[in-house]
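One-letter residues, chain by chain:
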Amino acid sequence: MDINPMTILIASIFTNNMILANFLGMCSFIAVSKEIKTSLGLGQAVTFVLTGTSIINYLIYTYLLEPYGLEYLRFIVFIITIAAFVQLVEMIIERYVPTLYYSLGIFLPLITVNCAILGVSLFLVIREYTLLQSLAFGIGSGLGWTLAIVALAAIRQKIKNAPVPKGLQGAGVTLIITGLMALAFIGLSGVVTIQ
Amino acid sequence: MIKGVRNIFKNGVFQDNPVFRQILGICSALAVTNLLINSFAMSLGLIFVTSFSSLTVSLLRNYTPGHIRMMVQTLIISAYVIIVDIVLKAYFPAMSSALGPYVGLIITNCIIMGRCEAFAQNNKPLASFLDGVASGIGYMFVLMAIALFREFLGFGTFFGFAVVGDWWTNWIFMIMPPGAFFMLGILIWVANTYVPAKEENTGGAQ
């Protein structure tokens, strides 16, 4: 595994996008993408938490779980780390950056159950990334997720008054739009690819 | 009692189907449906985890303090997911690597947490167990439906057996991510049109 962290960063934003290529974080992606402003808020919070948890989980896995042969505990450990990190971040920004808290606060509890966060931690174990690669992967995945949800919200705002067939309204048409977006992003796959 | 059981199943599989009615747990529904066999393994894993975590949550419901119940539920679910992961690794290593991180992601599959919160928290253990099984079967039903079309169109096969001749051209598109999004979108459309809803639900998880 000798990939330039910069390559991983670019690839995880565009070609290996968390939502459009790996289907992670779909629940909030569909539920919260009605407005650009809230989508951007959620995207920022996800990026922030992803960056932090990918580093922490990498360190815990490499220095605590692996040396003692406890790899099978990683699911429990990762989810506890994520929950604790989210809680901690919530308390810190509430105390020191209240303006940020008002814009991100409501999204933070949602993030614990966002599959993208756990997914990134599991991917970096499977792909055997180093510390720097994990950091790049965390940031890139967060930015990619933000890009996708903001783009989707923009499209959904545009089609708000469009005559969509009744059964397709809501989740159905959102999935079709996401499919079209995924198709467009596949066009970028010639740029960089990671596996 | 029998009628109650029938209602649980009818609701779990059709009327309140977790995937196309409540838009829950679609991450994995999209990711593993390029092959029927993957979807089948994933669904069995999910049925196991949902039913047993509902049972456990229900057994512990009177001893769990309200404000930490989410954490307790997450830990119970993770414990069962670890069992699934270890069994897959030990007996079906090929399947384990095909599903990759998506086995671990059963933990954040909102269906399980949703059933624990909405049903197991207030119901008796046996009913909760059956409710878990029913939701799991509802999930399996949708996964198999999507996988059936994606595998057939994408590879021309059914459970890995070729069912069409050489003249068939594979739709590579169907096994790539956009194919999954389109299939689920169409399935939701069909379901909303033909399965009568009890109440209007425009979709919105969590």
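Residues numbered from 1 in each chain as written. Chains lettered and ligands numbered in written order. Predicted model: local features only at pLDDT ≥ 70, side-chain atom pairs only at ≥ 80, totals over all residues. Heavy atoms only, no water.

## A word on the pattern of salt bridges
Inspection of every chain in the model, using the stated rule, returns 4 salt bridges over all chains. Each of the salt bridges in this network shares a partner with another, and the network as a whole consists of A:Arg74, B:Asp85 and B:Lys89. (Salt bridge = Lys/Arg side-chain N within 4 Å of Asp/Glu carboxyl O.)

## Focus: helix 9 (residues 177–194) of chain B
With 18 residues, helix 9 of chain B should reach 26 Å at 1.5 Å per residue; the first-to-last C-alpha distance of 26 Å fits that figure. Those residues of helix 9 of chain B that sit buried are B:Pro177, B:Pro178, B:Gly179, B:Ala180, B:Phe181, B:Phe182, B:Met183, B:Leu184, B:Gly185, B:Leu187, B:Ile188 and B:Ala191. Among the structural elements, helix 2 (26–31) and helix 9 (171–186) of chain A together with helix 2 (26–31), helix 7 (125–155) and helix 8 (172–175) of chain B are those in contact with the buried residues of helix 9 of chain B. (Helix = DSSP H or I, 4+ residues; strand = E, 2+ residues; numbered from the N terminus. Expected span 1.5 Å × (residues − 1). Buried < 20%, exposed > 50% of the residue type's maximum accessible area, 1.4 Å probe, protein only. Contact = heavy atoms within 4.5 Å.)

## Looking at the nonpolar core
Within the largest apolar cluster, 105 residues are counted, with the highest numbers of intra-cluster contacts made by A:Met26, A:Phe29, A:Ile111, A:Trp145 and B:Leu184. Per-element tally for this core: the top contributor is helix 4 (residues 74–96) of chain A, with 10 residues. Beyond its immediate stretch of four places on either side in the chain, A:Met26 contacts A:Ile19, A:Leu175, B:Ile26, B:Cys27, B:Leu30 and B:Phe181. Counting 6 residues, the second largest nonpolar core, distinct from the first, contains B:Leu36, B:Ile47, B:Val133 and B:Met144. (Core = buried A, V, L, I, M, F, W, Y, C linked by side-chain atoms within 4.5 Å.)

## Observations regarding the packing of helix 3 (residues 36–65) of chain A against helix 8 (residues 131–158) of chain A
Residues and elements named next belong to chain A. Between helix 3 and helix 8, whose axes approach to 8 Å, the crossing angle comes to 165°. Relative to helix 8, the element helix 3 is oriented roughly antiparallel. The two elements helix 3 and helix 8 meet at a crossing, and its hand is right-handed. Looking at side-chain class alone, the contact of helix 3 with helix 8 contains 17 nonpolar, 12 polar and no charged residues. (Axes fitted to C-alpha atoms, helices over the stretch in contact; angles between N-to-C directions. Parallel < 35°, antiparallel > 145°, perpendicular 65-115°, else oblique. Left-handed = near helix turned anticlockwise from the far one by under 90°. Nonpolar A, V, L, I, M, F, W, Y, C, P; charged D, E, K, R; others polar.)

## A word on the confidence of the model for chain B
Residue and element names in this part refer to chain B. Counting all residues, the mean pLDDT for chain B is 83, and 93% of those residues have values of 70 or more. The element-level mean pLDDT for chain B is lowest in helix 1 (residues 2–15), coming to 75, with helix 3 (residues 36–59) highest at 92. pLDDT under 50 marks residues 199–206. Its contacts with residues more than four places away, or in other chains, come to 16 contacts. Two summary scores accompany this predicted model of the complex, namely pTM at 0.84 and ipTM at 0.83. (pLDDT = per-residue confidence, 0-100.)

## A few points about the packing of helix 3 of chain A against helix 7 (residues 115–126) of chain A
Residue and element names in this part refer to chain A. Where helix 3 meets helix 7, the axes come as close as 9 Å, and the angle between the chain directions of the two elements is 35°. As helix 3 runs across helix 7, the sense of the crossing is right-handed. Contact residues: Val-46, Val-49, Leu-50, Thr-53, Ser-54, Asn-57, Tyr-58 and Tyr-61 in helix 3; Ala-116, Ile-117, Val-120, Ser-121, Leu-124 and Val-125 in helix 7. Class assignment of the residues belonging to the contact of helix 3 with helix 7 gives a composition of 10 nonpolar, 4 polar and no charged.

## Here we look at the interface of chain A and chain B
Of the residues lining the interface, 44 residues belong to chain A; the matching set on chain B comes to 43 residues. Each partner contributes to the roughly 3,500 Å² buried at the junction of chain A and chain B, and carbon and sulfur atoms together form 81% of this total. Viewed at the interface, chain B and chain A are joined by 1 salt bridge. Its salt-bridge partner being B:Asp85, residue A:Arg74 comes within 3.9 Å of it at the nearest N-O pair. Counting every contact that joins chain A to chain B gives 1 residue pair in polar contact (both at pLDDT 80 or more). Going through the elements one at a time, helix 2, helix 4, helix 7 and helix 9 of chain A are the ones with two or more residues in the side of chain A that touches chain B. Broken down by element, the residue count for the side of chain A that touches chain B peaks at 10 residues, all from helix 9 of chain A. A breakdown of the residues in the side of chain A that touches chain B according to their chemical character gives 32 nonpolar, 10 polar and 2 charged. (Buried area = accessible area lost by both parts, 1.4 Å probe. Polar contact = N/O pair within 3.5 Å; in protein donor to acceptor, adjacent residues only side chain to side chain.)

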